[in-house]
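# Structural description and commentary
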Amino acid sequence: MEAQLTALEPDTPFSFSCRPEVSCFTECCRNLNQFLTPYDLIRLKTRMGVTSREFLDKYTIVFIGPETGLPVAVLEPVGSDSRCPFVSSEGCAVYSDRPASCRTYPLVRLLSRNKDTGALSERYFIHRESHCRGFDTQTQQTLDTWVKDQELAVYNEMNDPLMDIIALKNRYYKGPLNTSIKDLFKLCCYDIDTFRERLFQKSGDKFIESVAPELAEQAEHDDIALLKIGFERVKTALLEHRRES
Ligand code: SF4
Ligand code: SF4
């Protein structure tokens, strides 16, 4: 399958539309290699009405990312065509809660941090694959319309803090993570319902004492607030390890 990446400038239009009429409809939901961010998982487990633990057990495989050294959750493919567990003949059965990369495709978003200012900047690329007929349509898009139509802003906002975790891991933690930090990452970033139970147990994680009271109160019932605490919990553990080494 041939693929080509081309930088996309904000004002440059491109032709693309994905709809049931295209001959390749749902083809990209097969031979699956679908990464899930922590926010993707919150959206999907809420959509399916299950706990994070149930979702992880039923729909995912978690392994250690070869590039980041951090645990990565992927959707577990089903059937002989390795399709997504959520694809049907009508399309995506979880469309309004589909993962960030399904929304972004056929674009790819690359994020980088300025070493001097610390500011994050993003660049988008068009990922043109030969099997994708969406480019044959006459529907004109721009980066702005795509980001808006796919409701990417909230996904980007919730996924960008992972950059800081990856940077800390790379800077202070050479080689594989020890088991306790790997388990902590899985707990705080993926198994968020169990994280909540442990965080708010009387004999549980003392980290809650360092969290702003309003955020802590919100996190008792709000997964987004809880995930923000989870990201900080992982970053603190990585920094603690640095101080110990
Ligand atoms: S979540 Fe939806 S869009 Fe994404 S791979 Fe699965 S079926 Fe396709
Ligand atoms: S291959 Fe392209 S056009 Fe076909 S379903 Fe996937 S995104 Fe849509």
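What comes next concerns the included structure. (Residues numbered from 1 in each chain as written. Chains lettered and ligands numbered in written order. Predicted model: local features only at pLDDT ≥ 70, side-chain atom pairs only at ≥ 80, totals over all residues.)

### Some thoughts on the overall build of the chain
When you go through the chain residue by residue, the secondary structure sums to 10 helices and 10 strands. For 245 residues, the compact-globule formula gives about 18 Å, and the C-alpha radius of gyration of the chain, at 19 Å, lands near that figure. Seen through its principal axes, the chain has C-alpha atoms that stretch 60 × 45 × 35 Å. Across the chain, contacts joining residues at least 24 apart in sequence account for 70% of those joining residues at least 6 apart. (Helix = DSSP H or I, 4+ residues; strand = E, 2+ residues; numbered from the N terminus. Rg over C-alpha atoms; globule rule 2.2 N^0.38 Å. Contact = placed C-beta atoms within 7 Å.)

### So, the sheet that holds strand S3 (residues 35-36)
On the basis of which strands lie adjacent, the open sheet formed by three strands has the order S3-S5-S4 and antiparallel pairing. On the outer flanks of this sheet lie S3 and strand S4 (60-64), each paired with one strand and no other. Of the strands in this sheet, S4 and strand S5 (71-75) are in contact with helix H7 (residues 179-190), which crosses S5 at around 45 degrees. (Pairing = 2+ DSSP bridges. Axes fitted to C-alpha atoms, helices over the stretch in contact; angles between N-to-C directions.)

### Things to note about the nonpolar core
Within the largest apolar cluster, 36 residues are counted, with the highest numbers of intra-cluster contacts made by Leu41, Phe185, Cys188 and Val234. Looking at this core, the elements that each hand over two or more residues are helix H1 (38-48), helix H2 (52-59), S5, helix H5 (152-159), H7, helix H8 (192-200) and helix H10 (223-244). For this core, the element with the highest residue contribution is H7, accounting for seven residues. Here this core spans two domains, and each of domain 1 (3-32 + 77-150) and domain 2 (162-244) adds at least three residues to it. Residues in contact with Val234, not counting those within four places in the same chain, are Ile165, Leu184, Phe185, Cys188 and Cys189. (Core = buried A, V, L, I, M, F, W, Y, C linked by C-beta atoms within 7 Å. Buried ≥ 20, exposed ≤ 12 C-beta atoms within 10 Å, placed from the backbone. Domains from an automatic or database assignment.)

### Concerning H8
Along H8, the positions that sit buried rather than exposed are Ile192, Phe195, Arg196 and Leu199. Each buried residue of H8 sits inside an arc of 100 degrees when the element is viewed along its axis, so together they form one side. (Arc of directions from axis to C-beta.)

### Some points on the site of ligand 1
Taken together, the residues surrounding ligand 1 are Cys29, Gln34, Cys84, Phe86, Val87, Cys92, Val94, Arg98, Pro99 and Cys102. In terms of residue class, the shell around ligand 1 is made up of eight nonpolar, one polar and one charged. (Near = placed C-beta within 6 Å. Nonpolar A, V, L, I, M, F, W, Y, C, P; charged D, E, K, R; others polar.)

### Comments concerning the site of ligand 2
Around ligand 2 sit Cys18, Val22, Cys24, Phe25, Thr26, Glu27, Cys28, Tyr105, His131, Cys132, Arg133 and Gly134, and that is every residue in its neighbourhood. In the shell around ligand 2, the residues fall into seven nonpolar, three polar and two charged.

### Comments concerning the environment of Pro99
Examined against the element boundaries, Pro99 turns out to sit in the loop between strand S7 (91-92) and helix H3 (100-104). In contact with Pro99, not counting residues within four places along its chain, are Gln34, Leu36 and Asp40.

### Considering the pairing of S4
For S4, the buried fraction is low: zero of the five residues fall into the buried class. Direction of pairing for S4 relative to S5: antiparallel, over a ladder of five bridges. Pairing of Ile64 across the sheet is with Pro71, part of S5. A loop of six residues connects S4 with S5, the two strands running antiparallel in sequence, and Gly69 in this loop sits at a positive phi of about 75 degrees.

### Thoughts on unusual backbone geometry
Following Tyr105, the chain continues to Pro106 via a peptide bond in cis, the omega torsion being 15 degrees. Structurally, the position occupied by Pro106 is in the loop between H3 and strand S8 (107-113). Unlike most non-glycine residues, Thr26 shows phi in positive territory, near 75 degrees. Following the sequence through the fold, Thr26 ends up in the loop between strand S2 (14-15) and S3. With 17 C-beta atoms counted inside 10 Å, the residue Thr26 sits in the partly exposed group. The phi torsion at Glu151 lies on the positive side, around 50 degrees, for a residue other than glycine. Assignment of secondary structure puts Glu151 in the loop between helix H4 (143-149) and H5.

### Here's the deal with the sheet that holds strand S1 (residues 3-8)
Read from one edge to the other, the open sheet built from three strands follows the order S1-S9-S8, with strand pairing classed as antiparallel. What marks the edges here is a single partner per strand, and that holds for S1 and S8. Along the sheet, successive strands turn relative to each other by an average axial angle of 30 degrees, direction set aside. As defined by bridge partners, S1 adjoins strand S9 (residues 120-129) across six bridges and the pair is classed as antiparallel. Considered in S9, the bridge of Ala7 is made with Phe125.

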